[in-house]
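# Working through the structure, step by step
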Amino acid sequence: MENATTGRVVVITGASAGLGRAMARAFASCRDRVALLARGVDGLREAEREALSVGAEVLAISCDVSDPAAVEMAAAAIHHRFGAIDVWINNAMVSVFSPAARITPDEFRRVLEVNFLGTVNGTLAALRRMRPQRRGTVIQIGSALAYRSLPLQSAYCASKAAIRAFTDSMRSELYHERSLIHLCMAQLPAINTPQFEWVRTRLPGTPRPIPPVYSPEVVAAAIVRASLRPRRELWIGGSSVKAIIGQRLIAPLLDRYMARRGYTDQQDAVPVEPYRPDNLFYPLEGDRGAHGPYLDLERRHSAQIWFDFHKRALAAIATAVVGLTAGALWARARA
């Protein structure tokens, strides 16, 4: 699917590294015209180079999504360059790994400004272009943590839960308008991205993802498929499914389980380097690419994703098999 030619106009925020970088390559490989938004200039230039190398048309814009005026200007520039925007993906994020009591008000505010308000700014800028054309798809990059929060990530979890609430509200408004615009939220598992190397942290050990950990390319491919076949919500990876359903069924038990495991599972034995730089308020220099340091943990396939996108075909096959079996049994009984 990711190699199909679609020729759409696709906007990706947070495109300079991590999942955004992988999505930029995936959509560019579809020969989509891609607009890449990010703060970090070095990574943004390299993302642009990669997209150009596969023959895609690219517009790279340095933009802090927490600034609504900057997002609006970027959207206007994209519309002027490429025309109607078909897909807008809100992916930019920052985080703080720390007990909540040690997170400052400015740090809480910054996480919400980038993750939540950045999503609001992107969504509204996209809808201002999509409503007149009466079509388009907005994809919010969420997390299983929008449902099942973890200790030491209170600001990030709160921002993802806020995105989910905002998206549900906006979706109902679009239904009320009888709009044909799709609003989708993808709930992600742990991904091996550079965020664990540049996230602000007050943990004694180096932050790490809780396994199972997926490669950025696996998730990027799922987002490409979701953009072609939009749905209300997409759960990516078996761990996301377990976390979301578990929260609905056994939330009190998960609270206590995370109290026991959440601290040790989210940090390595390797101590955090003193004065380690982070990207909370300002982008870091250099290009970080799509992958983080945990290549040995990466899962490069997901059976759950495959079954999710093929469940209708599988259901039809199962129905046909049951029908044929029933028919054969009936014929045998009549013989």
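Everything here concerns the structure above.
Throughout this description, residue numbers start from 1 for each chain and increase along the sequence as written. Reporting of local features is limited, given that this is a predicted model, to residues whose pLDDT is at least 70; pairs of side-chain atoms are given and counted only at 80 or more, and all residues count toward the totals for whole chains, interfaces and linings. In computing side-chain properties, one takes all heavy atoms of the structure into account and sets aside hydrogens as well as water.

Turning to the pairing of strand β1 (residues 9-13), a few remarks are in order. Among the five residues of β1, five are classified as buried, and the element is accordingly described as predominantly covered. Along β1, one buried face is formed by V9, V11 and T13 and the opposite face, lined by V10 and I12, is buried too. Of the pairings in the sheet, the one linking β1 to strand β2 (residues 33-38) comprises five bridges and is parallel in character. By the bridge assignment, V10 is partnered in β2 with V34. Consider the strands pointing away from the viewer: the crossover is right-handed when the path from the first strand over the helix to the second runs clockwise. Strands here mean DSSP runs of E at least two residues long; helices mean DSSP runs of H or I at least four residues long; both are numbered from the N terminus. This β-α-β element, β1 to helix α1 (residues 18-29) to β2, shows right-handed connectivity. With three bridges joining them, β1 and strand β4 (residues 87-90) adopt parallel strand pairing. Residue pairing in the sheet places I12 in a bridge with I89 of β4. Relative accessibility thresholds used throughout: buried, under 20% of the residue-type maximum; exposed, over 50%; partly exposed, between the two (1.4 Å probe, protein chains only). Only when DSSP finds a minimum of two bridges between them are two strands counted as paired.

So, on to the environment of L284. Note on placement: L284 falls in the loop between β13 (267-271) and β14 (298-299). For the pair L284 and V41, spaced 243 residues apart in sequence, the C-alpha to C-alpha distance is 9.0 Å. Among all residues touching L284, those that are not within four sequence positions of it are W198, P277, D278 and N279. Only heavy atoms enter the contact rule, under which two residues are in contact if any of them lie within 4.5 Å.

Further remarks concern helix α7 (residues 216-228). Expected helix span is given by 1.5 Å per residue-to-residue step, counting one fewer step than there are residues. With 13 residues, α7 extends 19 Å from end C-alpha to end C-alpha; this agrees with the ideal 18 Å at 1.5 Å per step. With ten of 13 residues buried, α7 lies mostly within the body of the structure. Within α7, the full set of buried residues consists of P216, V218, V219, A220, A221, A222, I223, V224, A226 and S227.

Before going further, it helps to examine the packing of aromatic side chains. A pair of aromatic rings is counted whenever rings of Phe, Tyr or Trp (Trp by its six-membered ring) have centres within 6.5 Å, and the orientation is called stacked for planes under 30 degrees apart, edge-to-face for over 60 and tilted otherwise. What the rule picks out here adds up to three aromatic pairs. Centre to centre, the rings of F97 and F196 are 6.3 Å apart; their planes meet at 70 degrees, and the pair counts as edge-to-face. Placement of the pair is F97 in strand β5 (residues 96-97) and F196 in helix α6 (residues 195-198), with a sequence separation of 99 residues. Between the aromatic rings of F196 and Y294, the centroid separation amounts to 6.4 Å while the plane-to-plane angle is 85 degrees, which identifies the pairing as edge-to-face. A residue pair is termed long-range when its members are at least 10 positions apart, and F196 in helix α6 and Y294 in the loop between β13 and β14 qualify at 98 residues. The pair formed by F196 and Y294 is uniform in burial state, with each residue classed as buried. In this structure an aromatic cluster arises from ring pairing among F97, F196 and Y294. We call a charge positioned over a ring when the NZ of a Lys or the CZ of an Arg lies within 6 Å of the ring centre and within 35 degrees of the ring normal. Just above the ring of Y147 sits the side chain of R164; from NZ or CZ to the centre is 4.1 Å.

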